[in-house]
Amino acid sequence: LLPVMGGGTIVLEEDAWEAHRHAIAPTFGAGAMSRLPGLVSRAARARLSRWSGSVNLSREMRCMLTEVIVAYFLNDPFGDPGPFSVDELATRFARLEEGLEDRVVDRWDLTERLKTLFTGRPSFETALSEVTTLIRRRIEEERASAVSDPTSPLRTILGRLPRDDSAVSEIRNLIAAGMTSVHLLTWLLHLLARNPEVQEELRSSVAGDGQAGSGHVAAVLNEGLR
């Protein structure tokens, strides 16, 4: 995990772990996470508007989650012209995930070299460099901004991790870790497609009472995880 997660909470220990855990804890509080529904709704509607016929569900979930998680931790870099579109950035994170998986069984990086040669996609090293550069640029912009939101997740992390290198590592760690939700949503929607009666029951519960609908969603998510 170190090439991507190095310097982040997932792999740190003792005092370093405690400092980073203290820095990110508020970003998972109710106040900060009240931003999420709007980001999720925007990303889901944007992806759905492009669907026609058959779609690559895993790819669509990756793009949607990339937009949500990156926008949450980097103060919505998609609101202004940037170096990457959502789809391009999703491809970079997919390469990082594949590269970490390949390292488990291929310490000589032969698989990585073949993928880079024959797929035309960015190499693991290129994807890591580009993702890191994007995060670092957003941090520099945030520190230089006089109108930034002091309660945003990015501003909160920067206030508690004053060194840019620590903040870059932690935010990269958080975004990459959040990509596990891609696999949950892909699998869950696959299960729902195979069980249309459950899908319709879920749809009806969400359209009805809010609290009951939330409980039904939680139950379906838990069954997907199981």
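Look a little higher up for the structure.
These notes cover the structure that comes with them.

Conventions adopted
- Residues numbered from 1 in each chain as written.
- Predicted model: local features only at pLDDT ≥ 70, side-chain atom pairs only at ≥ 80, totals over all residues.
- Heavy atoms only, no water.
- Phe/Tyr/Trp six-rings, centres within 6.5 Å; stacked < 30°, edge-to-face > 60°.
- Buried < 20%, exposed > 50% of the residue type's maximum accessible area, 1.4 Å probe, protein only.
- Core = buried A, V, L, I, M, F, W, Y, C linked by side-chain atoms within 4.5 Å.
- Helix = DSSP H or I, 4+ residues; strand = E, 2+ residues; numbered from the N terminus.
- Contact = heavy atoms within 4.5 Å.
- Patch = residues over 30% accessible without salt bridge, like charges linked within 9 Å, V, L, I, M, F, W, Y side chains within 5 Å.
- Areas by Shrake-Rupley, 256 points an atom, 1.4 Å probe, with all protein chains shown as cover.
- Salt bridge = Lys/Arg side-chain N within 4 Å of Asp/Glu carboxyl O.
- Lys, Arg positive; Asp, Glu negative; His and termini not counted.
- Charge placed at Lys NZ, Arg CZ, Asp CG, Glu CD.
- 1 Å grid on protein atoms, 1.4 Å probe; cavity = no way out; pocket = protein on both sides within 12 Å on 5 of 7 lines; lining within 4 Å.
- Points joined across faces, edges and corners; volume = space filled by probe spheres on them.
- Nonpolar A, V, L, I, M, F, W, Y, C, P; charged D, E, K, R; others polar.
- Axes fitted to C-alpha atoms, helices over the stretch in contact; angles between N-to-C directions.
- Parallel < 35°, antiparallel > 145°, perpendicular 65-115°, else oblique.
- Left-handed = near helix turned anticlockwise from the far one by under 90°.
- Arc of directions from axis to C-beta.

1. Notes on the packing of aromatic side chains
Any two aromatic rings considered together are summarised by their centre-to-centre distance and by the angle between their planes. Taken as a whole, this structure holds two aromatic pairs when the rule is applied. Ring geometry for Y72 and F73: centres 4.9 Å apart, planes at 85°, overall edge-to-face. Pair check on accessibility: Y72 and F73 agree, each one buried. Three or more aromatic residues joined by ring pairs make a cluster, and in this case those are F28, Y72 and F73.

2. Looking at the nonpolar core
Grouped together as the largest cluster of nonpolar side chains are 41 residues, with contacts concentrated most on I171 and I175. Secondary-structure elements contributing two or more residues to this core are α1 (2-5), α2 (14-24), α4 (36-48), α5 (57-73), α6 (86-105), α8 (124-144), α9 (153-160) and α10 (164-178). Of all the elements, α5 adds the most residues to this core, at nine residues. Excluding its chain neighbours within four sequence positions, the residues that come into contact with I171 are F73, L74, I135, I139, L154 and I157.

3. Remarks on a negative patch on the surface
A contiguous patch of negative charge, built from E13, E14, D15 and E18, is present on the exposed surface. Following the sequence through the fold, E13 ends up in the loop between α1 and α2. Residue classification places E13 among the exposed residues on the basis of a relative accessible area of 60%.

4. Comments concerning the pattern of salt bridges
Per the counting criterion, the structure on display carries 22 salt bridges. Among the ionic pairs, E200 bridges to R203, the shortest N-O distance being 3.6 Å. Of the two residues, E200 and R203 are both situated in helix α12 (residues 196-207); the distance of three residues between them amounts to about one turn of the helix. Classification of E200 as partly exposed rests on a relative accessible area of 41%. Among the charged side chains, a salt-bridge network with shared partners connects R95, E98, D102, E112, K115 and R121.

5. A few points about the layout of surface pockets
Roughly 1400 Å³ of volume is contained in the largest pocket. In this structure, the largest pocket is lined by 36 residues; those nearest its centre are V40, M61, M64, L185 and L189. Residue assignment for the lining of the largest pocket shows that the elements contributing at least two residues are α4, α5, α10, α11 (180-194), α12 and α13 (210-225). When its volume is computed, the second largest pocket comes out at roughly 220 Å³. As for the second largest pocket, its lining consists of 14 residues, and the residues nearest its centre are L1, M5, E97, L100 and A176. When residues of the lining of the second largest pocket are traced back to their parent elements, those giving at least two are α1, α6 and α10. In terms of residue count, the dominant contributor to the lining of the second largest pocket is α6 (six residues). Within the lining of the second largest pocket, the residues separate by chemical class into 11 nonpolar, one polar and two charged.

6. Details of the packing of α6 against α8
It is the contact of α6 with α8, at a shortest axis distance of 9 Å, that shows an interaxial angle of 130°. As judged from the angle between their axes, α6 and α8 are oblique. Considering the relative orientation of α6 and α8, their crossing is left-handed. Side by side, α6 and α8 meet where L89, R92, F93, R95, L96, G99 and L100 of the first sit next to F124, A127, L128, E130, V131 and L134 of the second. Counted by class, the contact of α6 with α8 contains nine nonpolar, one polar and three charged residues.

7. Description of α2
Within α2 the residues assigned to the buried category are H20, A23 and I24. All buried residues of α2 project into a common sector of 90° when viewed along the axis, lining one side. The exposed set on the far side of α2, more than 90 degrees from its buried face, consists of E14, D15 and E18. Close packing links the buried residues of α2 with α9 and α10.

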